[in-house]
Amino acid sequence: MGWVVFGICVWLVGWLTNVWLARQPKSQTTSLAVPVIFGVTLILIWESVVRGLGISPVLLPPPSVIAERFSQSSEILWVDFVQTVIKGALSGYVIGCGAAFVIAVAVDRFPFLQRGVLPVGNFVAALPIIGMAPIMVMWFGFDWQSKAAVVVVMVFFPMLVNTVQGLQASDAMQRDLMRTYAAGYWKTLLKLRLPSAMPFVFNGLKIASTLALIGAIVAEFFGSPVRGMGFRISTSVGQLALDLVWAEIVVAAIAGSAFYGGVALLERAVTFWHPSQRG
Amino acid sequence: MRNVLPVLTVVAAIFVIWYVGAVALNATWAQDNAARAGGGELSFTELVADTLSQDKPKLPAPHQVALEIWETTVEKNITSRRSLIYHSWITMSATLMGFVLGTGLGIALAIGIVYNRTMDMSVMPWVITSQTIPILAIAPMIIVVLNAIGITGLLPKAVISMYLSFFPVVVGMVKGLRSPDRMQLDQMKTWHATGNQEFWKLRFPSSMPYLFTSLKVGMAASLVGAIVGELPTGAVAGLGARLLAGSYYGQTVQIWSALIMAAVLAACLVGIIGLTQRLVLKRMGMA
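Computed from a prediction, not measured in an experiment: that's the story for all the values here. (Residues numbered from 1 in each chain as written. Chains lettered and ligands numbered in written order. Predicted model: local features only at pLDDT ≥ 70, side-chain atom pairs only at ≥ 80, totals over all residues. Heavy atoms only, no water.)

Describing the UniProt feature "transmembrane region" (unreviewed entry) in chain B
And step 1. The UniProt feature table records "transmembrane region" (unreviewed entry) at residues 7–29, 89–115, 135–154, 160–177, 210–235 and 255–276 of chain B.
And step 2. In residues 160–177 of chain B, helix accounts for 100% and strand for 0%; the two terminal C-alpha atoms are 26 Å from one another. (UniProt positions renumbered as here; feature names shortened; annotations may be inferred. Helix = DSSP H or I, 4+ residues; strand = E, 2+ residues; numbered from the N terminus.)

Structural notes on the packing of aromatic side chains
The relation between two aromatic rings is expressed through the spacing of the ring centres and the mutual angle of the planes.
And step 1. Enumeration over the complete set of coordinates arrives at 15 aromatic pairs over all chains.
And step 2. Taking the centre distance of 6.2 Å and the plane angle of 55° together, the rings of Tyr115 of chain B and Phe199 of chain B count as tilted. Of the two residues, Tyr115 of chain B sits in helix α4 (residues 84–115) while Phe199 of chain B sits in helix α9 (residues 195–206), which places them 84 residues apart along the sequence.
And step 3. When its relative accessible area of 42% is taken as the criterion, Tyr115 of chain B is described as partly exposed.
And step 4. Among the aromatic residues, those joined into a ring-pair cluster are Tyr115, Phe199, Trp200 and Phe204 of chain B.
And step 5. The ring centre of Tyr185 of chain A lies 3.7 Å from the NZ or CZ of Arg109 of chain A, which sits over that ring. (Phe/Tyr/Trp six-rings, centres within 6.5 Å; stacked < 30°, edge-to-face > 60°. Buried < 20%, exposed > 50% of the residue type's maximum accessible area, 1.4 Å probe, protein only. Lys NZ or Arg CZ within 6 Å of the ring centre and 35° of its normal.)

Structural notes on the nonpolar core
And step 1. If you look at the biggest cluster of nonpolar residues, it comprises 134 residues, and the most contacted ones within it are Tyr93 of chain A together with Met141 and Val228 of chain B.
And step 2. Looking at this core element by element, the count peaks at 15 residues for helix α9 (residues 185–219) of chain A.
And step 3. Residue contacts for Met141 of chain B: discarding those within four places in its chain leaves Val237, Leu242, Val245, Trp246 and Ile249 of chain A. (Core = buried A, V, L, I, M, F, W, Y, C linked by side-chain atoms within 4.5 Å. Contact = heavy atoms within 4.5 Å.)

What about the UniProt feature "transmembrane region" (unreviewed entry) in chain A?
Residues and elements named next belong to chain A.
And step 1. Cross-referencing UniProt, the feature "transmembrane region" (unreviewed entry) maps to residues 5–22, 29–46, 90–108, 120–142, 148–169, 200–224 and 244–266 in the present numbering.
And step 2. Here residues 148–169 runs as 91% helix and 0% strand, with 31 Å between its end C-alpha atoms.
And step 3. Across residues 244–266, the secondary structure splits into 100% helix and 0% strand, with the terminal C-alpha atoms separated by 33 Å.

Points about the UniProt feature "domain: ABC transmembrane type-1" (unreviewed entry) in chain A
And step 1. Mapped onto this numbering, the UniProt entry annotates "domain: ABC transmembrane type-1" (unreviewed entry) at residues 99–270 of chain A.
And step 2. Between the C-alpha atoms that bound residues 99–270 of chain A the distance is 20 Å, and the span itself is 81% helix and 0% strand.

A short note on the side chain of Thr41 of chain A
Residue and element names in this part refer to chain A.
And step 1. By the element assignment, Thr41 lies in helix α2 (residues 28–52).
And step 2. Judged by its relative accessible area of 9%, Thr41 is buried.
And step 3. Sequence-distant contacts of Thr41, defined by excluding residues within four places in its chain, comprise Val10, Trp11 and Gly14.

Describing the domain arrangement of chain A
And step 1. In terms of domains, chain A is made up of domain 1 (2–55) and domain 2 (70–278).
And step 2. Between the C-alpha centres of domain 1 of chain A and domain 2 of chain A there is a distance of 35 Å. (Domains from an automatic or database assignment.)

Examining the domain arrangement of chain B
All names here are of chain B.
And step 1. Domain boundaries assigned for chain B yield domain 1 (4–59) and domain 2 (84–283).
And step 2. Relative to domain 2, the C-alpha centre of domain 1 lies at a distance of 39 Å.
And step 3. Each partner contributes to the roughly 450 Å² buried at the junction of domain 1 and domain 2, and carbon and sulfur atoms together form 61% of this total.
And step 4. Three residues stand out in domain 1 for area buried against domain 2, namely Trp18, Lys56 and Pro57, and they jointly supply 69% of the buried area on that side.
And step 5. For the pair domain 1 and domain 2, the number of links is one residue pair in polar contact (both at pLDDT 80 or more).
And step 6. When the residues that make up the side of domain 1 that touches domain 2 are grouped by side-chain class, the tally is three nonpolar, no polar and three charged. (Buried area = accessible area lost by both parts, 1.4 Å probe. Polar contact = N/O pair within 3.5 Å; in protein donor to acceptor, adjacent residues only side chain to side chain. Nonpolar A, V, L, I, M, F, W, Y, C, P; charged D, E, K, R; others polar.)

Regarding the confidence of the model for chain B
And step 1. Chain-level statistics for chain B give a pLDDT mean of 84 and a share of 98% at 70 or above.
And step 2. For this predicted complex, the interface score ipTM comes out at 0.80, alongside a pTM of 0.84. (pLDDT = per-residue confidence, 0-100.)

Spelled out as structure tokens, the structure:
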């Protein structure tokens, strides 16, 4: 009972603090503090509700148990992280985005192809490509190569569509100016069209960063060596070791946010001139 | 209309690549078989004929997949467990249920975020962060936990679909409900509009284009959620189960036909939303 009362108190205190903070003039501290307080409140409520109502750890382990498990099995988590994120997702991401970028630049030379590729690419990007996973596992074996292949297929089309669109972003006036400078195709591409395509390219890279992790993890549900985050999640669920599953999810969340954050930082460095970055 | 020819060219190119790939990938198996039968090397025409008609090819040719789809949709009874229509129906019902739940929840949360400053400041950053997290990873856990507390069947899959389709709707609707500018909001004030009127006559109508765009994204995500949600329960029913069963038994034609079926389903569902979007926006004079 004490835990439940504690949870209600935490909820009231957290909410009232946030209401008070939200009324203050907006500053960097308040806009950072409010979501942090919200998150901490949520975790504390979770902890107290699970303890107070005696929910079985098989259904929902409290955060403290997850944190404990996280620190205890850091070795397993690290091995899984390397297998899934570094080997599977990252290599597939680099290959897929690289290939899509090169093909987009090639397609861009032919307006005919461009008009064909955009609708088809948009269509394919909406399909459940993740279903290719069993086929890739069949072709490339159980190890990380098949996961990388799934990731390649998943990130390819969003990246292709965004890059092709980006290469059209420079307007006629700017291209004419390059012509009056007697700049050839390659010079125009390097000095004008690629830089102006960068906001679109980074949009594609950001979408692809989430897709890459999802692809690598889900592909492991179809078969993998005895390590990897998807493998660990599906087997631990079978053993009802939900604290380990949650620890893997924490790792996935950190990896996903860091991946996305890294791409966003790179974007800020490359497209510093764009209005959305100057804010 | 001027895009028809280029699109057809690209589609034709995809089919050519598919056929060439089928011949190339299945060639080793065909040659090995011929060598084992003592026939020596196959001639080119024999090779092509063999690679395009194997039983368990590495990459089935398009016409094999088309034939399998024809056999499992038109020629099978709909209630049969071997009918793809039956499996598609199961996946689609989970998708639609999750989509409706997710959209409802997303719109409700977006209204809360737009009208309540505290909610905006505390929830919105988490909604955005949560998009960078591979949420699909928790699908097996949701299924097993919901099974453990006695919820089985459609609902666990729908919960995963809901989770995936909910975020695009929140983000799109928040943008949409905020899209009326100062001037328009002031105009509503001068007309002495109540909060309710402001919402129904200005904010909600002007959020429609944003809503439909995010509905399309949400529907695609919802289908992915339903398919992945079918994996951990073992190969019971649904398109995801067909994929899993196919990968267990090496039935590549079955995997590909399930995959194409999923693609058709996605295209239909997203297409319906696109059509509704066009009709609604036309009625509203926005397109």
